[in-house]
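Each chain, written out:
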Amino acid sequence: MSNTTPQPEDGFYALVTGANSGLGFAICCRLIDEFLHTRPQSQTLVLIVTTRDIRKGDDAVARLQKHLQNACRKAEKSFPGVSMLLHRRVQFRQEILDLTSILSVQRLAKRLLFSTPKLNAAILNAGIGGWEGLNWPNAFYNLFTDWVNAVTYPTYKISGVGWLTKPQIPADGNAGRTEEPPVGEVFCANVFGHYLLCHYLAPLLSAHKADEGTVGRVIWLSSLEAYASAFSLEDFQGLASSMPYEASKRLTDILALTADLLSTTPLVTQYLTNDGPQRAAKNNPSTNTTKTSARRPKIYLTHPGICSTGIMPLHYFLALLMTAAFYIARWLGSQWHGVTASNGACAPAWVALAQQSTLDAMEEREGKAKWGSATDWWGKERVERTEVEGWGWGGVVGERIRKKGRWRHAKNLTERDRQQFEELGKECWEEMEQLRREWEGRLAAVGVGEEMN
Ligand SMILES: NC(=O)c1ccc[n+]([C@@H]2O[C@H](COP(=O)([O-])OP(=O)(O)OC[C@H]3O[C@@H](n4cnc5c(N)ncnc54)[C@H](OP(=O)(O)O)[C@@H]3O)[C@@H](O)[C@H]2O)c1
């Protein structure tokens, strides 16, 4: 998609995938509000929203413009004359991205590499549940015997099994009908597509001036339902799994939480490095690598708690009942039921905009976290560390146990669990890098893939 607006060099560039609905749209709104209130007047937010088609992109940008106008109008009441100033501080760009198509991912990355000076944050929000329905008797039984648990860690969702993406190699680029291995749809939409995207965008995520005091951030959206039991190395893409969504979120947790460990450093460095900056600089006058020093981007993990969105396809009336059930859970004491998408967007937006020194200090003190959107009884939101099986709240054995919002089956972290988690992390990074290289090679061999490395 062409971009005619000038690219502010000191802008804050944030990419949000799946921005047209649910949490993606709410994250964009929160970024606008929080950016305008917390960043200096001289800074501009460039919000790059991705959707699956132009119509959805146009609609999302129109609604975001409206949100910005309302924010400016509100500010005008307190500070007359400020409205125009604020309005100029946010720019929108829209891009098309289908995460289940590697070619679509490559096309978007290429467009951005040649049109964008840098990327401060890539918020990897888009995703699918892959559910086909609910086991209603089970759902009602669970709800009426154990309400909060039933709507926090549901056991009654029925997943599609073995869903595959469309062939990655288009028919016209595959005259000799090269056999291609299957790609799991949920795996590709939730993990692999985003994984590839951030590899290709690494030059932009690394293009920060040394004196900016920040690094590019890759922000994953996971879930409370990232159960260890759902994921297996033997079925890496969850093709045979009856819980492919949960498996994809567990893989997300593993990759993100082990990204800073010594044992994964060679793999993660290889993943977050490519020669894109030179090519981008040659072709994009706004990217001047002589003024920037490549600083490795950081990978963060967040989750939105539980929100009422369209991710579970339900009839309107059932969706209303689901929302009511979530509110009741919150009033019964659940900290994870933010219910509204705006509350759910709290953690990802905070991680995107927080000062680098704040994030570094928090991770230094208590380890690398899965940052979750939590709320109190009234819906007042906050960000909370979240326990992960095999990692705890920060990957530190003997850390403080937080009882609130804890999964009933959670076990205190032991040295052995922590070690196994790290080993699993290394194996997952190896597998992802291998898959990436295989697919790049396969597409290049039939002449359809972009040359991205
Ligand atoms: N809602 C919750 O309670 C909850 C809890 C935990 C985690 N999450 C996570 O939060 C994220 C957003 O979920 P949501 O609840 O906001 O769901 P949603 O309303 O269904 O939004 C999902 C977004 O992802 C996009 N998307 C789906 N498949 C895609 C693909 N192949 N390529 C590109 N974009 C694609 C959708 O686009 P279309 O409109 O074109 O389909 C939509 O914009 C997901 O990663 C989800 O796992 C949500």
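Looking now at the overall build of the chain. Check the secondary structure of the chain and you find 16 helices and twelve strands. If one aligns the C-alpha atoms of the chain with their principal axes, the spans along those axes are about 65 × 60 × 45 Å. Per-residue burial for the chain yields a buried fraction of 56% across its 453 residues. Put simply, of all contacts in the chain between residues at least 6 apart along the chain, 77% involve residues at least 24 apart. Surface summary for the chain: the accessible area is close to 19,800 Å², and the carbon and sulfur share equals 55%.

As a further point, take the site of the ligand. Of all residues adjacent to the ligand, which total 27 residues, the nearest are Asn20, Arg52, Lys56, Tyr245 and Thr309. Leu99 is positioned such that a nitrogen or oxygen atom in its backbone is 2.8 Å from a nitrogen atom of the ligand. Between the ligand and the protein, one listed contact pairs an oxygen atom with a backbone N or O atom of Gly127 at 3.2 Å. Secondary structure elements with two or more residues in the shell around the ligand: helix H1 (22-38) and helix H9 (244-257). Per-class residue counts for the shell around the ligand are eleven nonpolar, twelve polar and four charged.

Moving on, we come to helix H2 (residues 54-78). Counted at 1.5 Å a residue, the expected span for H2 with its 25 residues is 36 Å, and the 37 Å between its end C-alpha atoms agrees. Among the residues making up H2, those that are buried are Gly57, Ala60, Val61, Leu64, Leu68, Cys72 and Ala75. Where H2 is buried, its residues touch H1, strand E2 (45-51), helix H3 (83-87) and strand E3 (90-96). Two or three places before Arg55, at the start of H2, stands the capping residue Asp53, its side-chain oxygen 3.2 Å from that residue's backbone nitrogen.

Turning our attention to the environment of Glu450. With respect to the helices, strands and loops of the structure, Glu450 is situated in the segment after helix H16 (415-445). Look at Glu450 and you get partly exposed, because its relative accessible area is 30%. Apart from residues no more than four positions distant in its own chain, Glu450 is found in contact with Gln106, Arg107 and Lys110.

To continue, consider the packing of aromatic side chains. Each aromatic ring pair is described using two quantities: the centre-to-centre distance and the angle formed by the ring planes. Counted under the stated rule, the structure contains 18 aromatic pairs. Taken together, a centroid distance of 5.4 Å and an interplanar angle of 40° make the contact between Trp391 and Phe421 tilted. Taken together, the residues Trp391 in the loop between strand E12 (381-386) and H16 and Phe421 in helix H16 connect sequence positions 30 residues apart. The residues Trp391 and Phe421 share a single accessibility class, namely buried. The rings of Trp136, Phe140, Phe144 and Trp147 are connected pair by pair, giving a single aromatic cluster. Above the ring of Phe25, the side-chain terminus of Arg63 is found at 4.3 Å from the ring centroid. Over the aromatic face of Trp439 sits the side chain of Arg442, whose NZ or CZ is 4.5 Å from the ring centroid.

Given a rise of 1.5 Å per residue, twelve residues ought to cover 16 Å, and the 16 Å separating the end C-alpha atoms of helix H4 (residues 102-113) matches this to within 8%. Of all the residues in H4, the buried ones are Ile102, Leu103, Ser104, Val105, Gln106, Leu108, Ala109, Leu112 and Leu113.

Okay, the nonpolar core next. Among the nonpolar cores identified, the biggest contains 58 residues, and Phe192 and Ile299 are the most heavily contacted of them. The dominant element in this core, judged by the number of residues it contributes, is helix H7 (residues 185-200), at nine residues. With sequence-adjacent residues up to four places away left out, Ile299 is seen in contact with Val218, Trp220, Ala256, Ala259, Val268, Tyr271, Leu272, Lys368 and Trp429. Core analysis: the next-biggest nonpolar cluster, separate from the first, contains 41 residues, Phe35, Val49, Ala341 and Ala349 among them.

Looking now at the sheet that holds E12. Spatially, eight strands are ordered E3-E2-E1-E4-E8-E10-E11-E12 in an open sheet, and the strand pairing comes out mixed. Across the chains shown, the open sheet's two edge strands, defined by having one partner strand only, are E3 and E12. On average, each strand axis in the sheet is inclined to that of its neighbour by 25°, with strand direction left out of account. In this sheet, strand E8 (residues 217-221) lies alongside strand E4 (residues 121-124) in parallel orientation, the contact comprising four bridges. Residue pairing across strands places Leu124 opposite Trp220, the latter belonging to E8. Strand contacts of H1: strand E1 (12-16), E2, E3, E4, E8 and E12, with the helix running at about 180° to E2, the strand carrying the most contacts.

Cut-offs used in this document
Residues numbered from 1 in each chain as written. Predicted model: local features only at pLDDT ≥ 70, side-chain atom pairs only at ≥ 80, totals over all residues. Heavy atoms only, no water. Helix = DSSP H or I, 4+ residues; strand = E, 2+ residues; numbered from the N terminus. Buried < 20%, exposed > 50% of the residue type's maximum accessible area, 1.4 Å probe, protein only. Contact = heavy atoms within 4.5 Å. Areas by Shrake-Rupley, 256 points an atom, 1.4 Å probe, with all protein chains shown as cover. Near = heavy atom within 4 Å. Polar contact = N/O pair within 3.5 Å; in protein donor to acceptor, adjacent residues only side chain to side chain. Nonpolar A, V, L, I, M, F, W, Y, C, P; charged D, E, K, R; others polar. Expected span 1.5 Å × (residues − 1). Phe/Tyr/Trp six-rings, centres within 6.5 Å; stacked < 30°, edge-to-face > 60°. Lys NZ or Arg CZ within 6 Å of the ring centre and 35° of its normal. Core = buried A, V, L, I, M, F, W, Y, C linked by side-chain atoms within 4.5 Å. Pairing = 2+ DSSP bridges. Axes fitted to C-alpha atoms, helices over the stretch in contact; angles between N-to-C directions.

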